[in-house]
Amino acid sequence: LQRYDEALVLKRGIYASAVALLGVSHGNTILIGSNLAHTLNNLKLWDESKPLIRDQLLPAARQTHGPDHDITLKLNHALANTLLDSGRTRDDLLEAVTIL
(Lines give C-alpha, C1' and ligand atoms only; values in the text may rest on other atoms or scores of the structure.)
Protein backbone atom coordinates (compact mmCIF):
# COMPACT_ATOMS: atom_id res chain seq x y z
CA LEU A 1 0.00 0.00 0.00
CA GLN A 2 3.04 2.25 0.43
CA ARG A 3 1.56 4.36 3.22
CA TYR A 4 5.02 5.38 4.39
CA ASP A 5 3.97 8.68 5.99
CA GLU A 6 1.54 6.89 8.29
CA ALA A 7 4.00 4.11 8.96
CA LEU A 8 6.73 6.60 9.83
CA VAL A 9 4.78 8.05 12.75
CA LEU A 10 4.15 4.57 14.14
CA LYS A 11 7.69 3.31 13.57
CA ARG A 12 9.27 6.34 15.25
CA GLY A 13 7.12 5.73 18.31
CA ILE A 14 7.84 2.01 18.37
CA TYR A 15 11.58 2.60 18.05
CA ALA A 16 11.58 5.20 20.83
CA SER A 17 9.66 2.81 23.08
CA ALA A 18 12.03 -0.06 22.30
CA VAL A 19 15.07 2.09 23.09
CA ALA A 20 13.48 3.14 26.39
CA LEU A 21 12.35 -0.34 27.40
CA LEU A 22 15.02 -2.64 25.96
CA GLY A 23 18.00 -0.41 25.28
CA VAL A 24 19.63 0.53 22.00
CA SER A 25 21.72 -2.66 21.76
CA HIS A 26 18.89 -5.15 22.17
CA GLY A 27 18.33 -7.33 19.11
CA ASN A 28 14.66 -6.38 18.82
CA THR A 29 15.50 -2.67 19.07
CA ILE A 30 18.06 -3.02 16.29
CA LEU A 31 15.51 -4.77 14.07
CA ILE A 32 12.86 -2.13 14.82
CA GLY A 33 15.40 0.61 14.06
CA SER A 34 16.29 -1.07 10.79
CA ASN A 35 12.61 -1.02 9.80
CA LEU A 36 12.45 2.67 10.70
CA ALA A 37 15.54 3.40 8.59
CA HIS A 38 13.97 1.56 5.64
CA THR A 39 10.88 3.74 5.87
CA LEU A 40 12.98 6.90 6.18
CA ASN A 41 14.85 5.91 3.03
CA ASN A 42 11.61 5.23 1.15
CA LEU A 43 10.53 8.76 2.05
CA LYS A 44 13.96 10.14 1.01
CA LEU A 45 14.58 11.41 4.54
CA TRP A 46 18.28 10.65 4.27
CA ASP A 47 19.37 13.33 6.74
CA GLU A 48 17.53 11.38 9.41
CA SER A 49 18.31 7.92 8.10
CA LYS A 50 22.10 8.31 7.76
CA PRO A 51 22.83 9.15 11.41
CA LEU A 52 20.30 6.58 12.62
CA ILE A 53 22.07 3.82 10.74
CA ARG A 54 25.65 5.09 11.07
CA ASP A 55 25.62 6.33 14.67
CA GLN A 56 23.05 4.15 16.41
CA LEU A 57 22.10 0.96 14.60
CA LEU A 58 25.41 -0.19 13.15
CA PRO A 59 27.42 0.25 16.37
CA ALA A 60 24.68 -1.54 18.31
CA ALA A 61 24.49 -4.37 15.76
CA ARG A 62 28.26 -4.83 15.75
CA GLN A 63 28.34 -4.91 19.55
CA THR A 64 25.37 -7.24 19.94
CA HIS A 65 25.71 -9.54 16.93
CA GLY A 66 29.21 -9.03 15.54
CA PRO A 67 30.38 -7.72 12.15
CA ASP A 68 29.34 -10.76 10.10
CA HIS A 69 25.78 -11.19 11.37
CA ASP A 70 22.96 -10.88 8.85
CA ILE A 71 21.45 -7.74 10.43
CA THR A 72 24.87 -6.05 10.61
CA LEU A 73 25.53 -6.79 6.96
CA LYS A 74 22.07 -5.56 5.97
CA LEU A 75 22.62 -2.33 7.90
CA ASN A 76 25.97 -1.83 6.15
CA HIS A 77 24.21 -2.29 2.83
CA ALA A 78 21.43 0.09 3.88
CA LEU A 79 23.96 2.75 4.87
CA ALA A 80 25.83 2.40 1.58
CA ASN A 81 22.59 2.73 -0.40
CA THR A 82 21.53 5.70 1.70
CA LEU A 83 24.85 7.42 1.05
CA LEU A 84 24.57 6.76 -2.68
CA ASP A 85 20.98 7.98 -2.87
CA SER A 86 21.30 11.03 -0.65
CA GLY A 87 22.93 13.53 -2.94
CA ARG A 88 26.12 11.84 -3.93
CA THR A 89 28.65 14.13 -2.35
CA ARG A 90 32.24 13.04 -2.77
CA ASP A 91 32.47 12.08 0.91
CA ASP A 92 29.23 10.08 0.71
CA LEU A 93 30.48 8.21 -2.36
CA LEU A 94 33.83 7.44 -0.74
CA GLU A 95 32.14 6.18 2.43
CA ALA A 96 29.72 4.03 0.39
CA VAL A 97 32.59 2.49 -1.61
CA THR A 98 34.49 1.79 1.61
CA ILE A 99 31.46 0.03 3.08
CA LEU A 100 30.79 -2.05 0.01
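Note: the structure precedes this text.
In this report, we go over the structure that sits alongside the text.

Rules used throughout
- Residues numbered from 1 in each chain as written.
- Predicted model: local features only at pLDDT ≥ 70, side-chain atom pairs only at ≥ 80, totals over all residues.
- Heavy atoms only, no water.
- Helix = DSSP H or I, 4+ residues; strand = E, 2+ residues; numbered from the N terminus.
- Rg over C-alpha atoms; globule rule 2.2 N^0.38 Å.
- Buried < 20%, exposed > 50% of the residue type's maximum accessible area, 1.4 Å probe, protein only.
- Contact = heavy atoms within 4.5 Å.
- Lys, Arg positive; Asp, Glu negative; His and termini not counted.
- Charge placed at Lys NZ, Arg CZ, Asp CG, Glu CD.

The subject of this paragraph is the overall build of the protein. Scanning the protein for helices and strands turns up 5 helices and 0 strands. Ordering the α and β elements of the protein from the N terminus gives α-α-α-α-α. For 100 residues, the compact-globule formula gives about 13 Å, and the C-alpha radius of gyration of the protein, at 13 Å, lands near that figure. In terms of overall dimensions, the protein has C-alpha extents of about 40 × 35 × 20 Å along its principal axes. Burial status across the protein gives 34% buried among its 100 residues. Considering only residue pairs separated by 6 or more positions, the protein has 49% of its internal contacts joining residues 24 or more positions apart. The centroid of the 10 positive side-chain charges in the protein is displaced by 3 Å from the centroid of its 11 negative side-chain charges.

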